Amino acid sequence: MTEYIIALMDLLEAEGRELRRTVMRTGIGLVCLAVAGLVAVIGLCFCLWAVYQALAAMVGPATAAMIVGLLMLSLAGLIAWIAMRLAR
């Protein structure tokens, strides 16, 4: 009986170590994914700023801001539409 309890305790300890490794690996992966998302958003902002600067040189700052804003609203609407279609 005591051998069974000792074997069970060893098994539980090994499973706990494996669970800790898995949770740490998953946590690190999620942090890396969050950092990648943040870097992607910053990159998108710089791309939008470049589009705005190029348009501002051609049509003026107010019109360029309106064009970039409308493009982003259109993109947001398209993404929302796709999300609603996939949720069905």
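K.L.:
So what's going on with the overall build of the chain? Which residues, and what values?
P.N.:
Within the chain, the regular secondary structure consists of two helices and zero strands. In terms of overall dimensions, the chain is more spread out than a globule: its C-alpha atoms have a radius of gyration of 26 Å, far above the 12 Å expected for 88 residues. Seen through its principal axes, the chain has C-alpha atoms that stretch 85 × 30 × 10 Å. Within the chain, the fraction of its 88 residues that count as buried is 5%. As displayed, the chain has an accessible area near 7500 Å², and 78% of this comes from carbon and sulfur atoms. For the chain, the distance from the average site of its 6 positive side-chain charges to the average site of its 5 negative ones is 23 Å.

K.L.:
Outline the packing of aromatic side chains, listing residues and values.
P.N.:
Counted under the stated rule, the structure contains one aromatic pair. When the centroid spacing of 6.5 Å and the interplanar angle of 85 degrees are considered together, the rings of Phe46 and Trp49 count as edge-to-face. In this pair, Phe46 and Trp49 are both assigned in helix 1 (residues 2–59), three residues apart and thus about one turn of the helix distant. Residue class for Phe46 comes out exposed when judged on its relative accessible area of 54%. Looking at Trp49, the relative accessible area reads 51%, which means it is exposed.

K.L.:
A description of the pattern of salt bridges should follow, citing residues and the corresponding values.
P.N.:
For the coordinates displayed, the defined rule picks out two salt bridges. A salt bridge links Glu13 to Arg17; the nearest nitrogen and oxygen atoms lie 2.9 Å apart. A residue pair is termed a helical-turn pair when its members lie 3 or 4 positions apart in one helix, as Glu13 and Arg17 do in helix 1 at four residues. A relative accessible area of 48% places Glu13 in the partly exposed class. Glu18 is the salt-bridge partner of Arg21, the closest N and O atoms lying 3.0 Å from each other. One end of the pair is Arg21 and the other is Glu18, both in helix 1 and three residues apart, which spans about a single turn. Take Arg21: its relative accessible area is 44%, and that puts it in the partly exposed class.

K.L.:
Please provide a residue-by-residue account of a nonpolar patch on the surface, values included.
P.N.:
A grouping of Met1, Tyr4, Ile5, Leu8, Met9, Leu11 and Leu12 is seen on the molecular surface, where their side chains present a nonpolar patch of about 790 Å² in accessible area. Summarising the element assignment, Tyr4 is placed in helix 1. The class for Tyr4 is exposed, based on a relative accessible area of 57%.

Calculation criteria
Along each chain, residue indices are assigned from 1 in the same order as the chain's sequence is written. Predicted model: local features are reported for residues with pLDDT of at least 70 only, side-chain atom pairs are reported and counted for 80 or more only, and whole-chain, interface and lining totals are derived from all residues. Values reported for side chains reflect all heavy atoms of the structure, with hydrogen atoms and water molecules removed beforehand. Counting from the N terminus, the helices are DSSP H or I runs at least four residues long and the strands are E runs at least two residues long. With the radius of gyration taken over C-alpha atoms, the globule rule is written as 2.2 Å times the number of residues to the power 0.38. Burial classes follow relative accessibility: with a 1.4 Å probe on protein chains only, a residue under 20% of its type's maximum area counts as buried, one over 50% as exposed, and anything between as partly exposed. A 1.4 Å probe and the Shrake-Rupley method give the accessible areas. Residues count as covered only by the protein chains that appear here. When charges are tallied, Lys and Arg are placed among the positive residues and Asp and Glu among the negative ones, while His and the ends of the chain are skipped. By convention, the point assigned to a charge is CZ for Arg, NZ for Lys, CD for Glu and CG for Asp. In this scheme Phe, Tyr and Trp rings, the latter by its six-membered ring, pair at centre separations within 6.5 Å, and the angle between planes marks the pair as stacked below 30 degrees, edge-to-face above 60, and tilted otherwise. Salt bridge criterion: a side-chain nitrogen from Lys or Arg within 4 Å of a carboxyl oxygen from Asp or Glu. Patches in this entry comprise residues that are over 30% relatively accessible and not in a salt bridge; like charges within 9 Å are linked, as are nonpolar side chains (Val, Leu, Ile, Met, Phe, Trp, Tyr) within 5 Å.

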